[in-house]
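# Coordinates in review
For reference, the chains in residue letters:
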Amino acid sequence: MKNLLKQIFSLILPGTVLVVVPMLIEKKREIYEDAHLLLGLLLILPGLTIIIVTISSFIKIGKGTLAPWSPTKKLVITGLYRYVRNPMILGVFTVLLGEALTLWSKNILLWAISFFFINTLYFIIYEEPDLEKKFGEQYLQYKKHVSRWLPRLSPFYPDQTKNV
C-alpha cells in the first residue's frame, strides 16, 4: 500500500506539468500535420520512458518520490543518473517539446522553456545545496563528475573518483 501511494504521488507532478498545464495554455486539440505527429511521438515516447524509469528508481532505490514532501532517503546515482544528474527533468522537457511539435504550439514550447529554466533555478538555489547537506561528500563527488544537463558519454561509477 505504501509503494502504491508513492507511485500515485509520483504521478501528480509530471501529470500536472505534462497534461494539466498544456491543456490550460493550449485550447486547440487538433494535430497540425501527420509529420508533426510522427516527430512529436519520436520525442514523447522516449521522454515518457525516461520519466517512468527515473520515477521507478526514486521509489525502488531512493525509497522516496520526486515530490518535495516525500523525498528520497538514498542518493540515486544508478541507471540514467550515471549519465546526467537530472534525467527526469530532461524526460519531461522532451515530452513537452514533443507535445509542442505535435500540436504545433508556440504556447507549449514557451511552457517547456519556462519549465526548464524554473527547474534550473530551483536546482541551483534549493535542491543542490539541500542534497549537499543531506548526502555530503557522496553527492559532492557525484556533482563534480556528472553534469546537471549534458549527459556523459560513459557511465559514472562512484569508485572512479578515488583516482581523481
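To start, this report covers the structure provided alongside it. (Residues numbered from 1 in each chain as written. Predicted model: local features only at pLDDT ≥ 70, side-chain atom pairs only at ≥ 80, totals over all residues. Heavy atoms only, no water.)

## A short note on the overall build of the protein chain
Each helix and strand counted, the protein chain has four helices and zero strands in total. Going from N to C terminus, the protein chain has its helices and strands arranged as α-α-α-α. Residues classed as buried in the protein chain amount to 39% of the 164 residues present. A separation of at least 24 residues holds for 68% of the contacts in the protein chain among residues at least 6 apart in sequence. When the accessible surface of the protein chain is totalled, it reaches about 9800 Å², and 70% of it is carbon and sulfur. (Helix = DSSP H or I, 4+ residues; strand = E, 2+ residues; numbered from the N terminus. Buried < 20%, exposed > 50% of the residue type's maximum accessible area, 1.4 Å probe, protein only. Contact = heavy atoms within 4.5 Å. Areas by Shrake-Rupley, 256 points an atom, 1.4 Å probe, with all protein chains shown as cover.)

## Quick word on the pattern of salt bridges
Applying the stated criterion across every chain, the model contains four salt bridges. Its salt-bridge partner being arginine 85, residue glutamate 128 comes within 2.8 Å of it at the nearest N-O pair. Of this pair, glutamate 128 sits in helix H4 (residues 106-145) while arginine 85 sits in the loop between helix H2 (34-60) and helix H3 (87-103), placing them 43 residues apart in sequence. Given the relative accessible area of 4%, glutamate 128 is considered buried. Between lysine 143 and glutamate 128 there is a salt bridge, with its nearest N and O atoms 3.8 Å apart. Linked by salt bridges that have partners in common, Arg85, Glu128, Glu132, Lys143 and Arg148 make up one network. (Salt bridge = Lys/Arg side-chain N within 4 Å of Asp/Glu carboxyl O.)

## Looking at H3
The terminal C-alpha atoms of H3, which comprises 17 residues, lie 24 Å apart, in line with the 24 Å expected from a rise of 1.5 Å per residue. Of all 17 residues in H3, 14 are buried; the element is thus mostly enclosed. At the exit of H3 stands tryptophan 104, carrying a positive phi of roughly 50 degrees. (Expected span 1.5 Å × (residues − 1).)

## Comments concerning H2
It helps to recall that an α-helix has 3.6 residues per turn; residues three or four apart then point in one direction. An ideal rise of 1.5 Å per residue puts 39 Å on 27 residues; H2 measures up with 38 Å between its terminal C-alpha atoms. Listed in full, the buried residues belonging to H2 are His36, Gly40, Ile44, Gly47, Ile51, Thr54, Ile55, Ser57, Phe58 and Ile59.

## Considerations on the nonpolar core
Counting 32 residues, the largest nonpolar core has Val92, Leu96, Phe115 and Tyr142 as its most contacted members. Counting residues per element, the ones that place at least two in this core are helix H1 (2-25), H2, H3 and H4. With nine residues, H4 is the single largest residue contributor to this core. Not counting residues up to four positions away in its chain, the partners in contact with leucine 96 are Val17, Leu18, Pro22, Ile108, Trp111, Ala112 and Phe115. (Core = buried A, V, L, I, M, F, W, Y, C linked by side-chain atoms within 4.5 Å.)

## Description of unusual backbone geometry
Its identity as a non-glycine residue notwithstanding, lysine 63 has a phi of 55 degrees, on the positive side. Its place among the elements puts lysine 63 in the loop between H2 and H3. Taking the relative accessible area as the measure of exposure, lysine 63 reaches 40% and is therefore partly exposed. Positive phi is not limited to glycine here, since tryptophan 104 has a value of about 50 degrees. Among the structural elements, tryptophan 104 can be located in the loop between H3 and H4.

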